[in-house]
Amino acid sequence: MKTKTWIWIGGVLVAGAAAAAAWMLQPAIAPIQPPAPNNFTSDSIARGARVVAQGDCMVCHTAAGGAPYAGSLPLRTPFGTIYTTNITPDPATGIGNWSLAAFTRALRHGVARDGHLLYPAFPYIHYTRMSSADISDAYAYLMTRTPVVSRAPDNDLLLPLRFRPMLAGWNLLYLRPGPQADDPQQSVEWNRGRYLVDGAGHCASCHSTLDPIGGERSPAFSGGNIDGWDAPALTALLQTPKPWNREQLAHYLRHGWSPEHGAAAGPMGPVAHSLSQVPEADTNAIATYIMSLQKPATKAAPAAGNASTDVARVQQGAILFAGACASCHGTAAPMMATGGRPSLALSSAVTGDKPDNLIQIVLNGVPWVHPEPSTFMPPFAAVLTDAQIASIAAYVRADIGKRPAWSDVEQRTTKIRKENQQ
């Protein structure tokens, strides 16, 4: 190899090492006295509530049965469990002694007030694109919440990842700090939608596949997995049994269900609940941007008829469905006949390539989270066995979804049930 090439490689390595060292050595920002609520204007607090809802912050920073924003929610990752932090204005265990500068640095650069690097389960690679005004308003809102004394448990991660300075290299690969300029070739609504999707909404965090070190693969929005649920590709909405349009997607985002597509379940349910609290213009803008990302529609998937279909299991599933499900999902059920609810044949949980989401919905149900009439389904984890769930899935997939049979559904149900209990 030529000497010049070695010099070039050495220069790149030295520059990378220097940049990583700079990321590692982040100074602490001096603590402040918790600001009084009257330090913030009511308009800023109201705008901050909108920003926090756009980012769905309460869901990740609120443990089951815990106080809002007090943290301690376990996030399962391929590298172990991370517990979310307390973002109430408690000075000892929360962010009460954080200045706006410290808060901004956390969102823009993934660095805590005391200088330690934050794990990218906190999606700062997206929050970095938020405007300074939105960050300031979010700070105003959070600093006027009720302080809660609550310290998160220690993270349970693989041993090397407990050494936070290693995150400096990750940041060099994936973090591009700062807001993104508007595209002058696009409409105001499109640019607003991109800003929300790529910034506070951090949609790619769930709807993109991850590489071996947890970075989002390109292209973004090609589908991912979060907490055992499949997050569908946001670029394939024209390839569903009934293609989506902008109005349907905006309704789904705002209300948690679409009359022609189904209900938001799993991690998407709380997202829709948060988006129900933002102005309609925001969900319309998100829908406009996402629909602009679509790949051309393709031919529908072939009808069921797979030789591996277990006829006996389908028949057993039909009996179980009639007893446990038909009162809501049967064609003559009031919900279907007069409630405008879509057929299960249109649900991505039924027509998808894997049975995971259908299994999750049957096990966990769909909680009632909206204050107005909304989607609800009780959980069946304590009522149905894994074999019974597999039979229902076989029936729904073949008879209602008209799709080829899934394989190993019972084994998959057993695994998902165990994972949910951890």
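Since this is a predicted model, take the numbers as computed values, not measurements.

UniProt annotation of "binding site: heme c 3" (unreviewed entry) refers to Cys325, Cys328 and His329 when read in the numbering used here. On the secondary structure map, Cys325 appears in the loop between helix H13 (311–324) and helix H14 (326–329). Those residues in contact with Cys325, other than ones at most four positions away along the chain, are Leu320, Gly330 and Ile392. Mapped onto the elements, His329 comes out in helix H14.

This next bit is on the confidence of the model for the protein chain. Per-residue confidence for the protein chain gives a mean pLDDT of 88; residues scoring 70 or more make up 89%. Low confidence marks residues 3–16, where pLDDT is under 50. Its contacts with residues over four positions away, or in another chain, come to 3 contacts. Note on residues 303–307: pLDDT under 50 across the span, and 8 contacts to partners over four residues away in sequence or across chains.

Within the largest apolar cluster, 54 residues are counted, with the highest numbers of intra-cluster contacts made by Phe103, Met130, Leu142 and Leu249. Of all elements in the fold, only helix H2 (42–54), helix H4 (100–109), helix H5 (124–127), helix H6 (132–142), helix H8 (188–198), helix H10 (246–255), helix H11 (268–275) and helix H12 (280–291) reach the threshold of two or more residues within this core. Counting residues per element, this core draws most heavily on H6, at 6 residues. Grouped together as the second largest cluster of nonpolar side chains are 28 residues, Phe321, Ile359, Ala393 and Ile400 included.

Another aspect to go through is the pattern of salt bridges. Following the criterion strictly, the structure yields 10 salt bridges and no others. Among the salt bridges present, the one from Asp230 reaches Lys354, with a minimum N-O distance of 3.4 Å. A residue pair is termed long-range when its members are at least 10 positions apart, and Asp230 in strand E5 (residues 229–231) and Lys354 in the loop between helix H16 (348–351) and helix H17 (356–364) qualify at 124 residues. In this structure, Arg417 and Asp386 form a salt bridge, with 2.7 Å as the shortest nitrogen-oxygen distance. One end of the pair, Arg417, is in helix H19 (residues 409–421); the other, Asp386, is in helix H18 (residues 386–400), with 31 residues separating them in the sequence. You'll find Arg417 and Asp386 in the same group, each marked buried. Here the salt bridges share partners, and the residues they tie into one network are Arg50, Arg192 and Asp282.

Rules of the game
Residues numbered from 1 in each chain as written. Predicted model: local features only at pLDDT ≥ 70, side-chain atom pairs only at ≥ 80, totals over all residues. Heavy atoms only, no water. UniProt positions renumbered as here; feature names shortened; annotations may be inferred. Helix = DSSP H or I, 4+ residues; strand = E, 2+ residues; numbered from the N terminus. Contact = heavy atoms within 4.5 Å. pLDDT = per-residue confidence, 0-100. Core = buried A, V, L, I, M, F, W, Y, C linked by side-chain atoms within 4.5 Å. Buried < 20%, exposed > 50% of the residue type's maximum accessible area, 1.4 Å probe, protein only. Salt bridge = Lys/Arg side-chain N within 4 Å of Asp/Glu carboxyl O.

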